[in-house]
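Remarks on the overall topology
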Amino acid sequence: MIVTTDIANILYRDCQPFGIYIVPHGKKLTGAMKSERIVIHAKKQQPGTYWKKSFVEVNLCVPDLKEGEANSIRLNELEKQAQELFDGVTGRCDGISYYYSIDSIGTEEDTALKCHYVNVRILFEVLNVK
């Protein structure tokens, strides 16, 4: 059985090629960001006949160059890398097959953290057949 914490761990592993610090599950970011960070939010699973589905938000955060000014060159690089790493991935965990792909991707701003980020919404599906 693959549960949401397994999904977060799979994506944690799959984010390693970015070479960016990944915020541990449950830790909140506060204050202005000084360096790049990855934040992963695994959402509830929804049962289905053949696949259990859930959405996962992977946020690739980049500190602003100055107040409200995004580092658009770096965001572009990360968005392209995310397209390559997260689209159409298959694997197995605990003997169960999974598949995930990008549902949506784009950049957003977080004024409290003084950063912009690439938000990757991933549809993660776990085979639900015994």
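See the structure printed just above.
Residues numbered from 1 in each chain as written. Predicted model: local features only at pLDDT ≥ 70, side-chain atom pairs only at ≥ 80, totals over all residues. Heavy atoms only, no water.

**So, the pattern of salt bridges**
Inspection of every chain in the model, using the stated rule, returns 7 salt bridges. For Arg74, the salt bridge goes to Glu36, with nearest N and O atoms at 2.7 Å. You can see Arg74 sitting in helix α2 (residues 72-86) and its partner Glu36 sitting in the loop between α1 (4-14) and β1 (37-42), a full 38 residues away along the chain. For Glu36, a relative accessible area of 22% corresponds to the partly exposed category. Where Arg74 meets Glu77, a salt bridge forms, and the shortest distance between an N and an O atom there is 3.2 Å. Placement of both Arg74 and Glu77 in helix α2 is noted, with a separation of 3 residues, approximately one turn of the helix. Residue Glu77 is classed as partly exposed on the basis of its relative accessible area, which comes to 41%. Where salt bridges share partners, they join Glu36, Arg74 and Glu77 into one cluster. (Salt bridge = Lys/Arg side-chain N within 4 Å of Asp/Glu carboxyl O. Helix = DSSP H or I, 4+ residues; strand = E, 2+ residues; numbered from the N terminus. Buried < 20%, exposed > 50% of the residue type's maximum accessible area, 1.4 Å probe, protein only.)

**Quick word on the pairing of strand β4 (residues 96-110)**
Both faces of the sheet carry side chains from a regular strand, because those side chains alternate between them. Judged from the 5 bridges that link them, strand β3 (residues 89-93) and β4 form a sheet pairing that is antiparallel. Bridge pairing in β4 links Val89 to Tyr100. The hairpin turn running from β3 into β4, its antiparallel successor, is 2 residues long, and Asp94 in that turn takes a positive phi close to 55 degrees. Both β4 and strand β5 (residues 115-127) contribute to a ladder of 12 bridges, which runs antiparallel. Bridging from a neighbouring strand, Tyr100 pairs with Phe124 of β5. (Pairing = 2+ DSSP bridges.)

This is a description of form; function is not addressed.
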